[in-house]
Amino acid sequence: MHALPFLLALAGGGLLAPALMRSLSAGGHTRANYRGRQLPVPFGLLSAATALLALVPLMLIARLADADVFHPEFLPVALYALGVLVLGLSGHSCGEGGTAGGAPARGWRGHGAATLRGELSTGLLKAVGSLGLALLAMSYLGLSDWRWLLASGVLVLATNVFNLLDLRPGRSTKAFVILGAALTLGASELRPLWTLGLFAAPALVAGLYDLREKVMLGDTGANLLGALAGLWLVLTLSGTGQVVALCVLLVITLYGELRSISTLVEKTPGLRELDSWGRPS
């Protein structure tokens, strides 16, 4: 029964995706991608809509049939995932990556400078909001103080890193799939996947549309993938493993702040081919 949320959300995401794509386009919610193509955005809404709709039958089954549908860790997962989706929408409403005044702000330095000028930086709002959500969500796992802080740090940095990766179609989704596969094979268990399934399944559907350059995930989709990646790390790794993960995420974050991740990918054989795989020519 624990696989039911994933399977139901996967089917629901597949059914809702075409309608959401048409709705965003009809409403004028489009943005130019890196090749100048106007695409519907933010398609991360698919995960929020699918998960909330799927909760209706899932909760009825869990309550009325007394079925064990969700793992105990689902509550903090849902709390953090839904919160991050809302924060992603704040970025879209103000012009993703920018400020409430519409001026583009990139990286921690850009958002910090915008804040010092008295502008509302959505990047800073998302960073602080993610930290608050992470601290709240991880408090439900019964961790010691240092593990609680460590897990919260992993969540926040993972959420940001996947947003940094979302500069080319499908890049964030590929990173999520590779990470999830590695964690699943390394731990030899599917429990974390089923725990994340209600949100991970529609995120994968959205990622497929993004890869084919039919839509753009926006901050909602990229942040959600990062949130789910961070949660997968926390639910799978030991304390030592999370320390290593935190260090790796921090290095990627600093590199993305100072250098171009896309340039690095383009110059690295293997990464370049993996990054371009699946995209239309």
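Up top is the structure these notes are about.
Heads up: these notes are all about the structure in this document. (Residues numbered from 1 in each chain as written. Predicted model: local features only at pLDDT ≥ 70, side-chain atom pairs only at ≥ 80, totals over all residues. Heavy atoms only, no water.)

1. Observations concerning helix α1 (residues 4–26)
Applied cut-off: Put simply, DSSP marks the helices as runs of H or I at least four residues long and the strands as runs of E at least two long, and each gets a number from the N terminus on. One less than the residue count of a helix, multiplied by 1.5 Å, gives the span that helix is expected to have. At any given residue, the bend is defined as the angle formed between two axes, one fitted to the seven residues that end at that position and one fitted to the seven that begin there. Relative accessibility decides the category of a residue: with a 1.4 Å probe and only protein chains considered, values under 20% of the type maximum give buried, values over 50% give exposed, and everything between is partly exposed. Should any heavy atoms of two residues lie within 4.5 Å, those residues are considered in contact.
Helix length check: α1 (23 residues) gives 33 Å between terminal C-alpha atoms against 33 Å at 1.5 Å per residue, within 8%. The principal kink in α1, of about 35°, is found at L16, preceding the proline P18 by one to four residues. Along α1, the residues classified as buried are P5, F6, A9, G12, G13, A17, L20 and L24. Where α1 is buried, its residues contact β2 (38–40), α2 (45–64) and α8 (191–211). A positive backbone phi angle near 80° is found at G28, which sits one or two residues after α1.

2. Concerning a nonpolar patch on the surface
Heads up, the rule is: A residue counts toward a patch only above 30% relative accessible area and without a salt bridge, and it is joined to like-charged neighbours within 9 Å or, for Val, Leu, Ile, Met, Phe, Trp and Tyr, to nonpolar neighbours within 5 Å. Each accessible area value is a Shrake-Rupley result obtained with a 1.4 Å probe; residue values ignore everything except the protein chains displayed when judging cover. By convention in these notes, a salt bridge is any Lys or Arg side-chain nitrogen within 4 Å of a carboxyl oxygen on Asp or Glu.
Judged by side-chain polarity, V56, L60 and L64 come together as a nonpolar surface patch covering roughly 320 Å² of accessible area. With respect to the element layout, L64 can be found in helix α2.

3. Considering empty space enclosed by the protein
Note the following rule: Only protein atoms enter the 1 Å grid used here, on which a cavity is any set of points holding a 1.4 Å probe that cannot leave and a pocket is any open set flanked by protein within 12 Å on both sides along at least five of seven lines; residues with an atom within 4 Å of a point are listed as lining. Grid points are joined across faces, edges and corners, and a volume is the space filled by probe spheres set on the points.
Taken as a whole and judged by the stated rule, the model has one cavity of 30 Å³ or more. By volume, the largest cavity is sized at about 30 Å³. As for the largest cavity, its lining consists of E73, P76, V77, M138, L141, L231, V234 and L235. Those elements that place two or more of their residues in the lining of the largest cavity are α3 (74–93) and α9 (218–236).

4. As for the packing of α1 against α2
The angle between the axes and the distance between the axes are what describe a pair of packed helices. Convention followed: Orientation is described by lines fitted to C-alpha atoms, with helices fitted over the stretch in contact, and by angles between N-to-C directions that extend from 0 to 180 degrees. An angle below 35 degrees is read as roughly parallel, one above 145 as roughly antiparallel, one from 65 to 115 as roughly perpendicular, and any other as oblique. Left-handed describes a crossing whose near helix is turned anticlockwise from the far helix through less than a right angle; right-handed describes the clockwise counterpart.
Close contact between α1 and α2 brings their axes to 8 Å; oriented N to C, the two are set at 140°. One way to sum up the angle between α1 and α2 is to call them oblique. Where α1 crosses over α2, the two elements pack in a sense that is right-handed. Contacts between α1 and α2 involve L4, P5, L8, A9, G12, G13, L16, A17, L20 and L24 from the first element and L45, L46, A49, T50, L53, A54, P57, L58 and I61 from the second.

5. What to know about the pattern of salt bridges
On inspection of all chains with the given rule, the structure shows seven salt bridges. A salt bridge links R37 to E213; the nearest nitrogen and oxygen atoms lie 3.2 Å apart. On the criterion of sequence distance, the pair formed by R37 in the loop between β1 (30–32) and β2 and E213 in the loop between α8 and α9 is long-range, its members being 176 residues apart. Taking the relative accessible area as the measure of exposure, R37 reaches 33% and is therefore partly exposed. Between K126 and D219 there is a salt bridge, with the nearest N and O atoms lying 2.1 Å from each other. Taken together, the residues span a long stretch of sequence, with K126 in helix α5 (residues 122–138) and D219 in helix α9 at a distance of 93 residues. Residues K126 and D219 agree in their burial class; the two are buried. Through salt bridges with shared partners, a single network forms among R35, R37 and E213.

Distances and angles like these do not, on their own, reveal function.
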